[in-house]
Amino acid sequence: MSIMLEKARKYEIEAMKQIEEGQKPSFHVCAPIGWINDPNGFSVYKGEYHLFYQYHPYSTAWGPMHWGHSKSKDFIKWEQLPCAMAPDREYDGQGCFSGSAVEHEGTHVLMYTGVLDKVQEDGTKRLAQTQCIAIGDGENYKKLNNNPIITSTSLPKGSSKEDFRDPKIWKEGEVFYVILGSRREGTGGQVLLFKSQDAQKWEYVSIVEESENQYGNMWECPDFFSLGGKQLLLISPMAMLAKGLEFHNGNNSIYFIGEYDRDNYKLNREHVALIDYGLDFYAPQTLETADGRRIMIAWMQSWDNYITPPDFKWSGLMTVPRELHLKEGVLYQNPVQEIEDYYQNEVRYNTITICDSQELSGVQGRQFDLLVEIEEGEYEEFSIRFAADADNEYYSELQYNAKINTITFDRTYSGIRKDILHKRAMHVKGQKGKVKIRVLMDKYSVEIFVNDGEQAMSSLIYTPIEANQIYFSSIGGAICNIIKYDVVVQ
Ligand code: FRU
């Protein structure tokens, strides 16, 4: 083990002890200590789910990237493992950037981007992003001696040598494929496909899809898989322009659905949409479970408006893992079913009419799964204020406007002092006021799923944990069925 990795492993054990007991979310993966971003290497290995992440243990700000590591048997209860990789080689000395993992012949193969970004003695800068491999046993990983195994020499003409990263590897029969984020001068983001027989010698195949100046200038963290008879490409474009309520300015995470032309290795795109409409969602990655479910996890934080309490020693968390489905050409996402194993204290209200702001006995807390089904009706607006206190100093609000069919999430009063962007809205498919709203909360995160997962909206709130009341209100009187469970993970 390198000195740098040993140092990180020792440091995290000591530093984690300083985190206040009970401060962290209980069923979401979060930074062990310091900073985390993108999920990496989300994979099944020896029957367990492994998740790595971009990790800077030494501060709550982004820094030279390590890979942090957690694993789980059910996506809900996670075990912290020691730091998996440090930027300890010449070719990755400025960072082990994002990547993925695959199980192969009993080993766990990690593929990641090595970043070399150095001013040399003669004053010129060496900047290169290359692709590298580390092989391990689920806890300890060894970087290959022949790294990097893909360099910019194999890039197609016009592709940037500096922005070439985030390999997502998978196996089809005996062949390995990897898709990579890239950028082309003049046209913006693109994804590149390579293939290999042994995961070490790679051959460039094609540009699977590209931005053509429509969806941002660089595509990060791609993922590519089939679902429900179609092919899906997930990407996280940088520097997008807002478009209606669909896309917002800055970094977005979007999906393309289409047919995969396997003769030419191109995606023929049919539909494009945002993956999650909240304030905090980026760089999603998926895996396939043994029983064939496609599960997605993402970084629940934003580059453009990054928030974290100044007194926390950890920063960054992941979404709940979500099961993906395709229905009538649209991507549906819902928390993994395993969450139901952690339900406690069921509370139900059937056909109650919500009018003026009211609390419902038994419905409060900061770790819950809440389902509100609103029946068809003449009401105008319905709102839920959660993480609220009795003085109305703190609350975060979900507002459904039945007239124009929008859901707005507003955390203006969530208690974050430095929060430029605190509101986002999306169109939903409601019919005459009939809509289903599910809210999953784990202390600081609010994940909203609408109409059985047709849309999702994920945002953070760092409201003091004592603010745990929930208020329902409506203009015009909404008739609802409400079910609430506490989610308890010990
Ligand atoms: C996306 C990203 C990746 C990169 C990593 C660096 O959030 O910019 O493209 O690999 O973060 O931490």
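This text follows the structure it describes.
A short tour of the structure in this document, coming up. (Residues numbered from 1 in each chain as written. Predicted model: local features only at pLDDT ≥ 70, side-chain atom pairs only at ≥ 80, totals over all residues. Heavy atoms only, no water.)

### So, the sheet that holds strand 28 (residues 435-442)
Sheet strands pair via backbone hydrogen bonds, and the direction of the pair is either parallel or antiparallel.
Move 1: Strand order across the open sheet formed by 6 strands is 22-32-23-28-29-30, with antiparallel pairing between neighbours. Single-partner strands in this sheet number two, and they are strand 22 (343-354) and strand 30 (455-460). Ignoring which end each strand starts from, the neighbouring axes of this sheet average 15° apart.
Move 2: Direction of pairing for strand 22 relative to strand 32 (residues 478-487): antiparallel, over a ladder of 8 bridges. Note that in strand 32 the partner of Gln344 across the bridge is Asp486. (Pairing = 2+ DSSP bridges. Helix = DSSP H or I, 4+ residues; strand = E, 2+ residues; numbered from the N terminus. Axes fitted to C-alpha atoms, helices over the stretch in contact; angles between N-to-C directions.)

### A short note on the nonpolar core
Move 1: Ranked by size, the top nonpolar core spans 75 residues in total, and within it Phe382 and Phe472 carry the most contacts.
Move 2: It is strand 15 (residues 254-261) that provides the largest number of residues to this core, a total of 5 residues.
Move 3: Counting contributing residues per domain, this core is built from domain 1 (3-335) and domain 2 (340-487), each supplying no fewer than three.
Move 4: Residue contacts for Phe472: discarding those within four places in its chain leaves Ile354, Asp356, Ser357, Gln358, Leu360, Val363, Leu370, Val372, Phe382, Ser383, Ile384 and Ile482.
Move 5: Formed by 50 residues, the second largest nonpolar core is a distinct cluster that contains Ile19, Val29, Trp314 and Val336. (Core = buried A, V, L, I, M, F, W, Y, C linked by side-chain atoms within 4.5 Å. Buried < 20%, exposed > 50% of the residue type's maximum accessible area, 1.4 Å probe, protein only. Domains from an automatic or database assignment. Contact = heavy atoms within 4.5 Å.)

### Observations regarding the packing of aromatic side chains
Move 1: One pass over the full model with this rule turns up 30 aromatic pairs.
Move 2: Here the aromatic rings of Phe52 and Trp67 are separated by 5.4 Å at their centres, their planes lie at 50°, and the arrangement is tilted. Here Trp67 lies in strand 3 (residues 66-72) and Phe52 lies in strand 2 (residues 48-56), a separation of 15 residues in the sequence.
Move 3: Look at Phe52 and you get buried, because its relative accessible area is 0%.
Move 4: Plain terms: the ring middles of Phe386 and Phe409 are 6.5 Å apart, the flat faces sit at 20° to each other, and that makes the pair stacked. Taken together, the residues Phe386 in strand 24 (residues 381-388) and Phe409 in strand 26 (residues 406-410) connect sequence positions 23 residues apart.
Move 5: One aromatic cluster is present, formed by Trp170, Tyr177, Phe224, Tyr260 and Tyr265 through successive ring pairs.
Move 6: One residue, Lys7, lies across the ring of Tyr58, its end atom 4.7 Å from the ring centre.
Move 7: Over the ring of Tyr395 we find Arg385, and its NZ or CZ is 3.8 Å from the ring centre. (Phe/Tyr/Trp six-rings, centres within 6.5 Å; stacked < 30°, edge-to-face > 60°. Lys NZ or Arg CZ within 6 Å of the ring centre and 35° of its normal.)

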